[in-house]
Amino acid sequence: MDKLRIQGPCRLEGTTVVAGAKNAALPALAACLLTEATVTLTRVPAVRDLWTMRKLLEHLGVNCSSSSGALELRHITPSEIDDAPYDLVKTMRASVLVLGPLVARLGHARVSLPGGCAIGVRPIDQHLAGLEALGADVTLEHGYVTARTPPSASGAGRLRGARFRFSFPTVGGTENVLMAATLARGTTVLENCACEPEIRDLGLLLTKMGARISGAGTATIEIEGVDSLSGAEHSILPDRIEAGTYLIGAAMTAGRVTATDTVAADLAPLLEQLAECGCAVDCSASTITVERSGGLQPRNIVTAPHPGFPTDLQAQYLALMTQAAGTSAVCETVFENRFQHVPELRRMGAEIEVAGNLARVTGPTQLTGARVMATDLRASACLVLAALAAHGESIIDRIYHLDRGYESMELKLQQLGAASCVERIESFQDERPKQ
Ligand code: EPZ
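Residues numbered from 1 in each chain as written. Predicted model: local features only at pLDDT ≥ 70, side-chain atom pairs only at ≥ 80, totals over all residues. Heavy atoms only, no water.

## What to know about the packing of aromatic side chains
- Per the counting criterion, the structure on display carries two aromatic pairs.
- When the ring of Phe164 is compared with that of Phe166, the centres are 5.0 Å apart and the planes differ by 85°; the resulting orientation is edge-to-face.
- What makes Phe164 buried here is its relative accessible area of 12%.
- When its relative accessible area of 1% is taken as the criterion, Phe166 is described as buried.
- Centre to centre, the rings of Phe309 and Tyr317 are 5.4 Å apart; their planes meet at 65°, and the pair counts as edge-to-face.
- The ring of Trp51 is capped by Lys55, whose NZ or CZ atom sits 5.1 Å from the centre of that ring.
- Between Arg110 and the ring centre of Tyr144, over which it is positioned, the NZ or CZ distance is 4.1 Å. (Phe/Tyr/Trp six-rings, centres within 6.5 Å; stacked < 30°, edge-to-face > 60°. Buried < 20%, exposed > 50% of the residue type's maximum accessible area, 1.4 Å probe, protein only. Lys NZ or Arg CZ within 6 Å of the ring centre and 35° of its normal.)

## Let's talk about the site of the ligand
- With respect to spatial proximity, 22 residues lie near the ligand, and among them Gln126, Thr170, Gly172, Asp312 and Val334 are the closest.
- At a separation of 2.7 Å, an oxygen atom of the ligand approaches a polar backbone atom of Gln126.
- Within the backbone of Gly172, a nitrogen or oxygen atom sits 2.7 Å from an oxygen atom of the ligand.
- Listed by contribution, the elements that provide at least two residues to the shell around the ligand are helix 1 (22-31), helix 5 (125-133), helix 6 (171-181) and helix 12 (377-389).
- The residue inventory of the shell around the ligand, partitioned by class, reads ten nonpolar, six polar and six charged.
- Residue-level mapping places the shell around the ligand at the junction of two domains, with at least three residues from each of domain 1 (3-19 + 238-425) and domain 2 (22-235). (Near = heavy atom within 4 Å. Polar contact = N/O pair within 3.5 Å; in protein donor to acceptor, adjacent residues only side chain to side chain. Helix = DSSP H or I, 4+ residues; strand = E, 2+ residues; numbered from the N terminus. Nonpolar A, V, L, I, M, F, W, Y, C, P; charged D, E, K, R; others polar. Domains from an automatic or database assignment.)

## Focus on the sheet that holds strand 11 (residues 163-165)
- Pairing is mixed in the open sheet, where four strands are placed in the order 11-12-14-13. Whereas interior strands pair on both sides, the edge strands pair on one side only; in this sheet they are strand 11 and strand 13 (212-214). Each strand axis lies, on average, 15° off the axis of its neighbour in the sheet, ignoring direction.
- Most of the contacts of helix 6 go to strand 14 (residues 221-224), to which it runs at about 25°, and overall it touches strand 12 (187-191), strand 13 and strand 14. (Pairing = 2+ DSSP bridges. Axes fitted to C-alpha atoms, helices over the stretch in contact; angles between N-to-C directions. Contact = heavy atoms within 4.5 Å.)

## Details of the pairing of strand 15 (residues 232-235)
- Alternating positions in strand 15 separate cleanly, Ala232 and His234 being buried on one face and Glu233 and Ser235 remaining unburied on the opposite face.
- Relative to strand 15, strand 3 (residues 39-42) runs parallel, the two being bridged by four bridges. Paired with Val39 across the strands is Ala232, a residue of strand 15.

## Points about the pairing of strand 20 (residues 326-331)
- Two elements, strand 19 (residues 301-302) and strand 20, share two bridges in a ladder whose sense is parallel. Counterpart to Ile301 in the pairing with strand 20 is Val330.
- Regarding topology, helix 10 (residues 314-321) serves as the crossover connection from strand 19 to the parallel strand 20, and that connection is right-handed. (Right-handed = clockwise from strand over helix to strand, strands pointing away.)

## A word on the packing of helix 8 (residues 240-252) against helix 12
- For the pair helix 8 and helix 12, interaxial distance at closest approach is 9 Å and the crossing angle is 20°. Here helix 8 lies roughly parallel to helix 12, going by the angle between them. Classified by chirality, the crossing of helix 12 by helix 8 is right-handed. When helix 8 is examined against helix 12, the residues Ile241, Thr245, Ile248, Gly249 and Met252 are found in contact with a partner set consisting of Arg378, Ala381, Leu385, Ala386 and Ala389.
- When its residues are assigned to classes, the contact of helix 8 with helix 12 shows seven nonpolar, two polar and one charged. (Parallel < 35°, antiparallel > 145°, perpendicular 65-115°, else oblique. Left-handed = near helix turned anticlockwise from the far one by under 90°.)

## Description of the nonpolar core
- If you look at the biggest cluster of nonpolar residues, it comprises 75 residues, and the most contacted ones within it are Leu57, Val98 and Leu206.
- Per-element accounting of this core gives the leading share, seven residues, to helix 1.
- Apart from residues lying up to four places away in sequence, Leu57 is in contact with Leu29, Cys32, Leu33, Val62, Cys64, Leu73 and Val98. (Core = buried A, V, L, I, M, F, W, Y, C linked by side-chain atoms within 4.5 Å.)

## A closer look at the sheet that holds strand 20
- Spatially, 19-20-22-21 is the arrangement adopted by the four strands of the open sheet, whose pairing is mixed. Both outer strands of the open sheet, strand 19 and strand 21 (351-355), are each paired with one neighbouring strand and no more.
- Of the pairings in the sheet, the one linking strand 20 to strand 22 (residues 358-363) comprises six bridges and is antiparallel in character. Note that in strand 22 the partner of Ser328 across the bridge is Val361.

Taken by themselves, the reported measurements are silent on function.
Here is the structure:
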């Protein structure tokens with residue numbers, strides 16, 4: 001398994017071009033199942049999760065071809081519909097996003113239930129409740145979920161528009177049911193939807209495909225179902241979590257980083273926090289610069305669905321608070337087990353106490369390099385940032401977690417002044433995503 005060797009301390013300075021958002025590209029790829037026409041996506045990040053989604057779509061009969069930075073997807077209606085198999089779904093929960101599009105267009109879908117993962121049980125009850133509200137017959141057996149439209153005289157019937165309220169703003173649930181509703185007969189109103197920018201972006205793509213949607217990216221989405229959708233071309237929106245990770249890196253290493261081709265408004269919760277901690281934050285139409293020259297003030301956060309502080313930046317922010325002069329509280333309200341980075345940070349000397357969903361961090365601590373292990377995607381990024389600030393050598397194991405959501409992080413860090421500090425130690429086993 002590949003590792004990262006980091007020799008700290010190492011100050012980050014320079015400019016990084018933000019990639020397309022993993023969490024926008026995944027539903028966008030699934031959306032190609034809603035039409036027989038070609039969907040062309042650009043700015044799809046070269047990360048492991050997209051590679052996995054592409055493998056799943058090819059397994060389902062989608063023709064995927066990439067050329068000059070564009071990914072072309074075409075799903076000719078298959079004579080019979082394959083399942084989304086366990087061995088693919090277990091490696092990436094977002095595979096469940098094929099469920100809504102398949103049942104909406106083909107009248108039938110069978111997808112392995114995604115297991116839990118390091119950060120929580122992560123059930124999909126809201127996805128299924130939403131599809132049932134649209135008239136799908138949903139059954140669970142042998143570890144698979146099967147969704148069917150009600151039969152009609154001419155064969156597989158269609159989903160029907162309905163009013164449905166999510167019990168809480170689930171990102172994937174909103175995306176799955178939104179995609180299914182585009183082909184339902186009649187009007188659907190979805191309430192208490194997740195408002196993440198990635199859902200706004202999915203709504204833009206679906207509208208380009210001919211869907212009739214209003215309110216994507218807000219708590220209430222109205223969809224007027226259509227009989228069929230066309231192809232489209234779409235550029236994936238910038239990855240706010242990737243950008244936020246490198247910007248926190250600037251604060252962590254008393255450096256200065258500019259993220260370009262990004263949307264500052266989508267990162268407002270983080271940027272306000274960094275400014276309050278004492279960083280200089282400067283935004284233009286498509287760039288964000290964070291610089292830290294003096295000390296850091298401790299500031300508490302509570303993660304929450306957008307526009308709250310993003311849970312996907314919690315681990316990175318927690319690492320930052322080890323450098324703040326005082327005690328801060330980090331409260332994780334979205335996932336039930338998202339502090340697995342804490343024991344690893346403690347091994348680097350961090351003073352952190354966890355009680356339930358609350359972590360209390362006391363700093364500033366001069367972290368020391370250590371051998372640590374990545375446990376999940378964002379915890380890996382947190383350990384990289386901590387290793388950059390630490391004195392001495394760190395070895396970060398299992399960085400395949402990192403490769404799931406960050407394009408060549410070591411290369412980007414090397415371009416940010418860490419050329420002599422960061423190197424990837426490759427091992428033969430790890431098959432890396434095709435660039
Ligand atoms: C998406 O996951 C993201 N993944 C996650 O990013 C992100 O952390 C999360 O949204 C929250 O912002 C993708 O977009 C591919 P949820 P998702 O449904 O859709 C519970 C990363 O690091 N829940 O909003 O799975 C669930 O267990 C990843 O890039 C139910 O109980 O998130 C969790 O506690 C990690 N029942 C909470 O809701 C359901 O039916 C939020 O889940 C669905 C979710």
